[in-house]
Amino acid sequence: DMHPAGKPAELQGVSDTDLRIHFVDVSREADQKQDPMPKIVRGLISLEKADDILLVRHPYDPVPLRDLFARRRGLASWAEERKPGDWYIYFYRPGARAGAVAHPPVYNKAFAKAVGA
């Protein structure tokens, strides 16, 4: 497999500073028990081009949200835990041949081992 940690083809070679990335950080909202959805939806609305990507920083992997966006918006997603409790979730339009799927998250193995997961 040529993809590091199962990273989907559409995200290969895409850095956080890529012009296609629309970054939304909702970690503060989550910490303060505020609803992160308005901020995420605004980010979603800002995706104009077919290859635009919404990158959401979140304290956990929001699986129900990923499933919802796949069903309602046709957006595939991929999540990676860069540090314990520091998740980056990519929402993107799948390539022509791929369906919209919420790829399984990539866990921080050292963290998982530490907490006995």
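All values derive from a computational prediction rather than experimental measurement.

Rules of the game
Residues numbered from 1 in each chain as written. Predicted model: local features only at pLDDT ≥ 70, side-chain atom pairs only at ≥ 80, totals over all residues. Heavy atoms only, no water. Pairing = 2+ DSSP bridges. Helix = DSSP H or I, 4+ residues; strand = E, 2+ residues; numbered from the N terminus. Axes fitted to C-alpha atoms, helices over the stretch in contact; angles between N-to-C directions. Contact = heavy atoms within 4.5 Å. Parallel < 35°, antiparallel > 145°, perpendicular 65-115°, else oblique. Left-handed = near helix turned anticlockwise from the far one by under 90°. Nonpolar A, V, L, I, M, F, W, Y, C, P; charged D, E, K, R; others polar. Core = buried A, V, L, I, M, F, W, Y, C linked by side-chain atoms within 4.5 Å. Buried < 20%, exposed > 50% of the residue type's maximum accessible area, 1.4 Å probe, protein only. Phe/Tyr/Trp six-rings, centres within 6.5 Å; stacked < 30°, edge-to-face > 60°. Lys NZ or Arg CZ within 6 Å of the ring centre and 35° of its normal.

(A) Highlighting the sheet that holds strand S2 (residues 53-58). Strand order in the open sheet formed by four strands is S1-S2-S4-S3, with mixed pairing between adjacent strands. Where the open sheet ends on each side, the last strands, each with one partner, are strand S1 (21-25) and strand S3 (76-83). For this sheet, the mean angle separating the axes of adjacent strands, direction not counted, is 20°. As judged from the six bridges shared by S2 and strand S4 (residues 86-92), these two strands associate in the antiparallel manner. Pairing of Arg57 across the sheet is with Tyr88, part of S4. On top of the sheet, helix H3 (residues 63-73) reaches S3 and S4; it is set at about 5° to S4, its chief contact.

(B) Highlighting the environment of Val24. For Val24, the position within the fold is in strand S1. For the pair Val24 and Lys39, spaced 15 residues apart in the sequence, the C-alpha separation amounts to 7.1 Å. Excluding its chain neighbours within four sequence positions, the residues that come into contact with Val24 are Lys39, Ile40, Gly43, Leu54, Leu55, Val56 and Arg57.

(C) Region of interest: the packing of helix H2 (residues 37-45) against H3. It is the contact of H2 with H3, at a shortest axis distance of 14 Å, that shows an interaxial angle of 40°. For the element pair H2 / H3, the angle class is oblique. Handedness of the H2/H3 crossing: right-handed. On H3, the residues touching Met37, Ile40 and Leu44 of H2 are Leu65, Phe69 and Arg73. When its residues are assigned to classes, the contact of H2 with H3 shows five nonpolar, no polar and one charged.

(D) Structural context of the nonpolar core. Residues Ile40, Leu44, Leu54, Val56, Phe69 and Phe91 are the most contacted members of the largest nonpolar core, which totals 14 residues. Counting residues per element, the ones that place at least two in this core are H2, S2, H3 and S4. Here this core gets three residues from one element, more than from any other, and that element is S4. In this structure, Val56 is in contact with Val24, Val26, Ile40, Trp87, Tyr88, Ile89 and Phe91, ignoring residues within four places of it in sequence.

(E) Looking closely at the packing of aromatic side chains. What the rule picks out here adds up to three aromatic pairs. Taken together, a centroid distance of 5.0 Å and an interplanar angle of 65° make the contact between Phe69 and Phe91 edge-to-face. Of the two residues, Phe69 is situated in helix H3 and Phe91 in strand S4; the sequence distance between them amounts to 22 residues. A relative accessible area of 0% means that Phe91 is categorised as buried. Sitting over the ring of Tyr88, Arg82 keeps its end group 3.8 Å from the ring centre.

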